[in-house]
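Summary of the model geometry
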Amino acid sequence: MNTSYPTLVACALALISSCPSQKPAGPAKQRPPLVLAPGAVDVRSVIRQVGKYLGRDYEIEKLKDLPATVASGLTLRLQNPVELDAGSAEAVLSEIAAARALHLVAGKTSHRWMFAHGPSNNLIVANPRVLTPEQVLDSSTPEICVRTTVKVKGDATKMGQQLRPWFASRTSTLRLVLPVADTIEFTGLRHEVVAALQLIRTLEGVALGPADDTPAVRALVAKVSGKASRGFTIERGTHALSWALDKMADLHGTNHLYHEQALAGVSFELKEPLEIQSTNAIRVVSQLAAKEGVMMFPIAAHHGIYEWARVRGAWRNALADRTLFVSVECARQLEAVHVNMITVYRSEKVDVRNAMGILRPQMARLRLTFGSAGPSDLLMQGSAANIVKAIDILEGK
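This is a predicted model, so every value here is computed, not measured. (Residues numbered from 1 in each chain as written. Predicted model: local features only at pLDDT ≥ 70, side-chain atom pairs only at ≥ 80, totals over all residues. Heavy atoms only, no water.)

**What to know about unusual backbone geometry**
In this structure, A101 takes a positive phi of about 65 degrees despite not being glycine. Summarising the element assignment, A101 is placed in the loop between α4 (89-99) and β6 (102-106). (Helix = DSSP H or I, 4+ residues; strand = E, 2+ residues; numbered from the N terminus.)

Below, the structure written as structure tokens:
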């Protein structure tokens, strides 16, 4: 082949210029996290911050014609900063907002935040998002109204009949469509549908994962079983419960939210100083709070956010269904923590068919019913302490 030297040089230069750069590609540029600063903040301002961060068109229902208690409860106080990324921002925001009776109605182009006690509250459950059970169980899914269909192994009609009174008796938005063949359709706020799916899964014998397979339970177990490192002392005398929650937030680096009006004047008295460590803080403070009718509700515990409210307070309905679904073993781990739980008890040694007659005279604050498999499954709802006490009674301990 007869090729001139200039032609060879030109071809070589062209080849070099066409080759990709050998410089290694750097890591994908990630969006910096959104940090919610500590201090008093209006929930609506948090919604606007997250909307701007995610590029979402958020609309917030006006306060006109709403009860005065709604406006007074929209301010929360963060004891510590909260760091959110693009994958978790909306989910955590929706949990916080729901504790303030604000719920997200997600559309294709716009997203509206509606008050549960407002004139348009029917829109919250009238626009469910259709998701698979796996998507509902995903902790990154926002706290919105969802609709899902789940297949069951046994008789779906019998399962539905057992589930309907269990959820309908609570202050719940959960609705189930009459089962067809081997499927049940659920519609309701996400955390309620999650509870229903977890209940079905456990009744069918599907084991939960470590620490019961939910971020809220895992976070709570870690707080009561970790290594003791720091602590504080509660001196003798009378102390505001809000002060103890602030001290515990500082100890764990978490946030313990509460309505200023709901806990105004709630205090406890100690006759002797009390030593608090990082591993017993939630146990001890929740016991002190329970004596005053205040209970803890993990709303975004995997991000260190808990809500405290009076059991019969004005804001109780907004938190009433924040129920943890746990195994019996996990209930024993959390025995001293006052938080609402559901568990399924099975035993080859104990005949639970007589449980109602044995437990009801002693366990006024524990709800009991049989599962879809009949008297072999005993469903319990209440505090971990009451659940453990009931099981010990059945087993003769």
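After that view, the rundown keeps rolling.
**Details of the packing of aromatic side chains**
What the rule picks out here adds up to two aromatic pairs. Between the aromatic rings of Y58 and W113, the centroid separation amounts to 5.6 Å while the plane-to-plane angle is 80 degrees, which identifies the pairing as edge-to-face. Here Y58, found in strand β3 (residues 58-60), pairs with W113, found in strand β7 (residues 111-115); they are 55 residues apart in sequence, far enough to count as distant. We note that Y58, like W113, is buried. For the ring pair F232 and W243, a centre distance of 6.4 Å and an interplane angle of 90 degrees mean the geometry is edge-to-face. One end of the pair, F232, is in strand β12 (residues 231-234); the other, W243, is in helix α10 (residues 241-252), with eleven residues separating them in the sequence. (Phe/Tyr/Trp six-rings, centres within 6.5 Å; stacked < 30°, edge-to-face > 60°. Buried < 20%, exposed > 50% of the residue type's maximum accessible area, 1.4 Å probe, protein only.)

**Details of the nonpolar core**
The biggest cluster of nonpolar side chains holds 56 residues, and the ones touching the most others in it are L220, W308, Y345 and M380. One finds L76, L102, V146 and I299 within the second-largest nonpolar core, a separate group that totals 54 residues. (Core = buried A, V, L, I, M, F, W, Y, C linked by side-chain atoms within 4.5 Å.)

**With respect to the sheet that holds strand β18 (residues 305-310)**
With mixed pairing, the three strands of this open sheet are ordered in space as β14-β18-β17. The open sheet has two free edges, formed respectively by β14 (255-258) and β17 (294-300), since each of these has just one partner strand. Strand-to-strand, the axes of this sheet are offset by a mean angle of 30 degrees, without reference to chain direction. Pairing of β17 with β18 involves six bridges; the strand directions are antiparallel. Bridging across to β18, F297 finds its partner in E307. Across the sheet, α10 is in contact with β14, β17 and β18; its angle to β14 comes to roughly 155 degrees. (Pairing = 2+ DSSP bridges. Axes fitted to C-alpha atoms, helices over the stretch in contact; angles between N-to-C directions. Contact = heavy atoms within 4.5 Å.)

**With respect to α4**
Because the α-helix completes a turn every 3.6 residues, residues three or four places apart line up on one side. Of all eleven residues making up α4, eleven are buried, and the element is well covered by its neighbours. Residues of α4 that are buried include every one of A89, E90, A91, V92, L93, S94, E95, I96, A97, A98 and A99, and no others. Positive phi appears at A101, one or two residues downstream of α4, with a value of about 65 degrees.

**Focus: the sheet that holds β6**
Sheet architecture is open: three strands sit in the order β3-β7-β6, paired in mixed fashion. Either end of the sheet is taken by a strand with one partner, and the two such strands are β3 and β6. Pairwise comparison of adjacent strand axes, ignoring direction, gives a mean angle of 25 degrees for this sheet. Pairing of β3 with β7, which is carried by three bridges, proceeds in the parallel orientation. Bridge assignment links I60 to a residue of β7, and that residue is W113. Running over the sheet, helix α2 (residues 43-54) touches β3, β6 and β7 and is turned about 165 degrees from β3. Sheet contacts for α4: β3, β6 and β7; angle to β6, the most-contacted strand, approximately 135 degrees.

**Some details on the confidence of the model for the protein**
A residue-level look at the protein finds 80% of positions with pLDDT of 70 or above and a mean pLDDT of 79. Across the protein, the secondary-structure element scoring lowest on mean pLDDT is helix α1 (residues 5-18), at 47, and the one scoring highest is strand β13 (residues 237-240), at 94. pLDDT under 50 marks residues 15-28. Its contacts with residues more than four places away, or in other chains, come to zero contacts. (pLDDT = per-residue confidence, 0-100.)

**What about the side chain of E61?**
Mapped onto the secondary structure, E61 falls in the loop between β3 and α3 (68-72). No salt bridge is formed by the buried E61; the nearest opposite charge belongs to R112, separated by 6.6 Å. For E61, the side chain forms a polar contact with the main-chain nitrogen of F115, separated by 2.8 Å. (Lys, Arg positive; Asp, Glu negative; His and termini not counted. Salt bridge = Lys/Arg side-chain N within 4 Å of Asp/Glu carboxyl O. Polar contact = N/O pair within 3.5 Å; in protein donor to acceptor, adjacent residues only side chain to side chain.)

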